[in-house]
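The primary structure of each chain is shown beneath.
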Amino acid sequence: LAKTTQPISMDSYEGQEVNITCSHNNIATNDYITWYQQFPSQGPRFIIQGYKTKVTNEVASLFIPADRKSSTLSLPRVSLSDTAVYYCLVANQGYNNNDMRFGAGTRLTVKP
Amino acid sequence: DVKVTQSSRYLVKRTGEKVFLECVQDMDHENMFWYRQDPGLGLRLIYFSYDVKMKEKGDIPEGYSVSREKKERFSLILESASTNQTSMYLCASSPGRSGQPQHFGDGTRLSIL
């Protein structure tokens, strides 16, 4: 089973680039990696998803090395509103959901 | 816009009560999920359903059951509530069996006294 491990917390300043890494040593061939953002009193919200190499959208980039045993969420030029908890999820495309694992989340604090 | 609605934001119940948490999605999604979220533990899957009347156990199904009589509605049932079931409960849905991203409700904070 793909257990996921993330740092508990990170601090940053406005305007900096933030990289949050998730380890998933036992990732399976069919597993995708998805990152979510959660604000207080809200449910998690989808940020980005990838399988390998690099994926970029309007809010973030996701870097996945060739061995896929980790992934890094990159947030460019963070602002105070990016303060949130970030979760990585490793799940297979067929949704055999007993193999679906969220990380415990990384609490990102962006300071002025 | 995609919408997952959980019936209550806050709920207080007593030990031994039967508790129902309701979730409705308006996106015609096949998959629906129930999680509980506790500090330091992240999201843990309780049950999921990939079709009407279908259900499968997640990581922590003990003490819970689910019902999916209609595609848009997925109910979580605490048969006999206990204090260790005090938690935040999150419902989510996703389309098909393609591993597409899940859409979450805003959660129900349940307190069992």
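Residues numbered from 1 in each chain as written. Chains lettered and ligands numbered in written order. Predicted model: local features only at pLDDT ≥ 70, side-chain atom pairs only at ≥ 80, totals over all residues. Heavy atoms only, no water.

(A) Expanded view of the sheet that holds strand β1 (residues 4-6) of chain B. Residue and element names in this part refer to chain B. On the basis of which strands lie adjacent, the open sheet formed by four strands has the order β1-β3-β8-β7 and antiparallel pairing. At either end of the open sheet lies a strand with only one pairing partner, and these are β1 and β7 (64-70). Neighbour-to-neighbour, the strand axes of this sheet turn through a mean angle of 20°, independent of strand direction. (Pairing = 2+ DSSP bridges. Helix = DSSP H or I, 4+ residues; strand = E, 2+ residues; numbered from the N terminus. Axes fitted to C-alpha atoms, helices over the stretch in contact; angles between N-to-C directions.)

(B) A look at the interface of chain A and chain B. Facing the 21 residues of chain A at the interface are 25 residues of chain B. At the boundary of chain A with chain B, the tally comes to zero salt bridges. Between the two partners, chain A and chain B, sit six residue pairs in polar contact (both at pLDDT 80 or more). Within the residue set of the side of chain A that touches chain B, elements represented by two or more residues are β3 (31-38), β4 (45-50), β8 (84-92) and β9 (101-102) of chain A. (Contact = heavy atoms within 4.5 Å. Salt bridge = Lys/Arg side-chain N within 4 Å of Asp/Glu carboxyl O. Polar contact = N/O pair within 3.5 Å; in protein donor to acceptor, adjacent residues only side chain to side chain.)

(C) Representation of the pattern of salt bridges in the model. All names here are of chain B. Overall, the coordinates contain seven salt bridges over all chains when judged by the stated rule. For glutamate 79, the salt bridge is made with lysine 18, and the minimal N-O distance between the two is 3.6 Å. Here glutamate 79 is found in the loop between β8 (73-78) and β9 (87-94), whereas its partner lysine 18 is found in the loop between β2 (10-13) and β3 (19-25), with 61 residues between them in sequence. Owing to a relative accessible area of 46%, lysine 18 belongs among the partly exposed residues under this scheme. Aspartate 28 is the partner of lysine 71 in a salt bridge, and the nearest nitrogen-oxygen pair spans 3.1 Å. (Buried < 20%, exposed > 50% of the residue type's maximum accessible area, 1.4 Å probe, protein only.)

(D) Structural context of unusual backbone geometry. Of note in this structure, A:Thr53 is not a glycine but carries a positive phi near 55°. Within the secondary structure layout, A:Thr53 lies in strand β5 (residues 53-56). With relative accessibility at 53%, the residue A:Thr53 sits in the exposed group. The backbone of B:Lys53 sits at a positive phi, close to 65°, despite the residue not being glycine. Within the secondary structure, B:Lys53 sits in the loop between β5 (42-49) and β6 (56-57).

(E) Main features of the side chain of B:Ser93. All names here are of chain B. Note that serine 93 resides in strand β9. Residue classification places serine 93 among the buried positions, given a relative accessible area of 0%. Among the polar contacts made by the side chain of serine 93, one reaches the side chain of histidine 29 at a distance of 2.8 Å. Contact partners of serine 93, with chain neighbours within four places excluded, come to Val4, Gln25, Met27, His29, Asn31, Met32, Phe33, Pro101, Gln102 and His103.

(F) Seen up close, the side chain of A:Ser71. Residues and elements named next belong to chain A. Relative to the elements of secondary structure, serine 71 occurs in strand β7 (residues 70-75). Of the residues examined, serine 71 reaches a relative accessible area of 0% and is grouped as buried. Among the polar contacts made by the side chain of serine 71, one reaches the side chain of histidine 24 at a distance of 3.0 Å. Other than its neighbours up to four places away in sequence, serine 71 contacts Ile20, Thr21, Cys22, His24, Ile33, Trp35, Leu62, Phe63 and Ile64.

(G) How the structure looks around the sheet that holds strand β6 (residues 61-64) of chain A. All names here are of chain A. Read from one edge to the other, the open sheet built from four strands follows the order β2-β7-β6-β5, with strand pairing classed as antiparallel. The sheet terminates laterally at β2 (18-23) and β5, the two strands that pair on one side only. Across the sheet, the mean angle separating the axes of adjacent strands is 15° when strand polarity is ignored. When β2 meets β7, the two strands line up antiparallel, connected through six bridges. When the sheet's bridge partners are listed, asparagine 19 is paired in β7 with serine 74.

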